[in-house]
Amino acid sequence: MSFEEYEALERMRLALNLEHAGRGVRFIDIKQAYIDEQVHIGKGTVIYPCVVLEGNVKIGENCIIGQNTRIVDSTIGDETEIQSSVILHSSVGSGTTVGPFAYLRPDSHIGDGCKVGDFVEVKNASMGDGSKASHLSYIGDAEVGKDVNIGCGVVFVNYDGIKKHHSVVKDGAFIGCNVNLISPIVLEKDAYVAAGSTVT
C-alpha cells in the first residue's frame with residue numbers, strides 16, 4: 001500500500017468516527033478508534049483509545065467501551081461496560097460488565113445485569129440475567145441460569161479428549177472457588193457446590 005493510499009484510508013476512518021460523534025458517541029481520542037462501516041453505536045456511549053469494532057457490531061446507548069477492546073460481529077446492550085476484552089460473534093445484555101481481560105468466544109450469550117470479570121473465558125455458553133463469574137474461570141459448552149454465582153477458578157471441563165460435552169447450571173446455584181464440573185452434568189436450582197469440589 002502506498003503512502004497516499006494509507007492517508008486516504010486514515011481520512012475515511014476519521015470521517016466515519018466524526019459521523020458517530022455527530023450522533024452522540026463520545027470519543028476519548030477520535031483518531032485512535034478503528035470502526036468498520038456497518039457498526040452501529042448508540043448515543044451516550046464512550047469509546048476509549050485503541051478500540052477495534054469489526055463487522056456487524058451493534059452497541060447500545062450509554063455504554064463504556066474501554067481501552068484495547070476488540071468486538072467482532074456482536075451485540076452489546078444499553079449501559080454495559082466492556083473493559084480491555086475480546087468479544088467474538090456473541091451477545092452481551094444491558095447493565096452488564098465485562099472484563100478487564102475477559103474473552104467471549106463465538107456463540108457466547110450473556111444476559112442483563114451480569115458480570116464476566118477479569119480472565120474469565122466463555123465459549124459456546126449462555127449466562128442468565130444476574131449471573132456472575134468474577135474472575136479466573138472457564139465456562140465452555142454450558143447453559144448457566146439466572147442469579148448463579150461462579151467462584152474464582154471454576155472450570156467447566158467440557159472436553160474428554162475426543163468430543164465436547166454440555167453442562168446445565170440452573171437458576172440460583174452457587175459454585176464455590178476452584179471447582180471442576182466434569183461435563184456432561186446438571187446442577188439443579190439453588191444447588192450449592194463447596195469450594196475445591198470436583199463433580200462428575
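For the structure itself, look to the data block above.
Predicted model only: the values in this text are computed from it and were never measured.

Q: A description of a nonpolar patch on the surface should follow, citing residues and the corresponding values.
A: There is a patch of nonpolar side chains on the surface, built from M1, Y6, L9 and M12 and spanning about 480 Å² of accessible area. Its location among the elements puts L9 in helix α1 (residues 3–22). Using a relative accessible area of 43% as the deciding quantity, one classes L9 as partly exposed.

Q: An account of the pattern of salt bridges is requested, with residue identities and associated values reported.
A: Across all of its chains, the model carries five salt bridges by this definition. With its nearest N and O atoms 2.5 Å apart, the salt bridge here joins R70 to E54. In this pair, R70 is assigned in strand β8 (residues 70–72) and E54 in strand β5 (residues 51–54), connecting sequence segments 16 residues apart. According to the relative accessible area criterion, E54 is partly exposed, its value standing at 25%.

Q: Give me the lowdown on the pairing of strand β16 (residues 115–118), citing residues and values where you can.
A: Bridge count between strand β13 (residues 97–98) and β16: two bridges; the pairing is parallel. Within the sheet, the bridge partner assigned to T97 lies in β16 and is K115.

Q: Give a description of the packing of aromatic side chains that names residues and reports values.
A: Counted according to the given criterion, the structure contains two aromatic pairs. The interplanar angle of 25° and the centroid separation of 5.3 Å between the aromatic rings of F101 and F119 together place this pair among those described as stacked. Residue F101 is located in the loop between β13 and β14 (103–104), and its partner F119 is located in the loop between β16 and β17 (121–123); the two are separated by 18 residues in the primary sequence. Aromatic pair F174 and Y192: ring centres 5.2 Å apart, planes at 5°, arrangement stacked. Separated by 18 residues along the polypeptide, F174 in strand β25 (residues 174–175) and Y192 in strand β28 (residues 192–193) bring together distant segments of the chain. Residue classification places Y192 among the exposed positions, given a relative accessible area of 61%.

Q: Which residues make up the environment of V122, and what values go with them?
A: Relative to the helices and strands, V122 is located in strand β17. With 32 residues separating them along the chain, V122 and V154 place their C-alpha atoms 12 Å apart. V122 has contacts with Y103, L104, R105, S108, I110, V116 and I139, leaving out every residue within four places of it along the chain.

Q: Could you give me a rundown of unusual backbone geometry, with the residues and numbers involved?
A: In this structure, P100 follows G99 across a cis peptide bond, with omega equal to 5°. Relative to the elements of secondary structure, P100 occurs in the loop between β13 and β14. Even without a glycine there, the phi angle at F101 is positive, about 65°. For N124, which is not a glycine, the phi torsion comes out positive at approximately 50°. One can find N124 in the loop between β17 and β18 (126–127).

Q: Explain the nonpolar core residue by residue, including any values.
A: In terms of nonpolar packing, the biggest core is built from 45 residues, with I59, V116, I139, I150 and F156 touching the most fellow members. Beyond its immediate sequence surroundings of up to four residues, I59 is in contact with H40, I41, G42, T45, L53, I65, I71 and I76.

Q: Lay out the side chain of S137 in plain terms, naming residues and giving numbers.
A: Mapped onto the secondary structure, S137 falls in the loop between β19 (132–135) and β20 (138–140). A polar atom in the side chain of S137 sits 3.3 Å from the backbone oxygen of H135. There is a polar contact of 3.3 Å between the side chain of S137 and the backbone nitrogen of V154. Among all residues touching S137, those that are not within four sequence positions of it are F119, V120, E121, I150, G151, C152, G153 and V154.

Q: For the pairing of β19, give the residues involved together with the corresponding values.
A: Side-chain direction in a regular strand flips from residue to residue, so the side chains alternate between the two faces of the sheet. Summarising the sheet, β16 and β19 pair through three bridges and their orientation is parallel. Following the sheet pairing, V116 is matched in β19 by A133. As paired strands, β19 and strand β22 (residues 149–150) are joined by two bridges and run parallel to one another. The partner of A133 across the bridge, within β22, is I150.

So, how was this worked out
Residues numbered from 1 in each chain as written. Predicted model: local features only at pLDDT ≥ 70, side-chain atom pairs only at ≥ 80, totals over all residues. Heavy atoms only, no water. Patch = residues over 30% accessible without salt bridge, like charges linked within 9 Å, V, L, I, M, F, W, Y side chains within 5 Å. Areas by Shrake-Rupley, 256 points an atom, 1.4 Å probe, with all protein chains shown as cover. Salt bridge = Lys/Arg side-chain N within 4 Å of Asp/Glu carboxyl O. Helix = DSSP H or I, 4+ residues; strand = E, 2+ residues; numbered from the N terminus. Buried < 20%, exposed > 50% of the residue type's maximum accessible area, 1.4 Å probe, protein only. Pairing = 2+ DSSP bridges. Phe/Tyr/Trp six-rings, centres within 6.5 Å; stacked < 30°, edge-to-face > 60°. Contact = heavy atoms within 4.5 Å. Core = buried A, V, L, I, M, F, W, Y, C linked by side-chain atoms within 4.5 Å. Polar contact = N/O pair within 3.5 Å; in protein donor to acceptor, adjacent residues only side chain to side chain.

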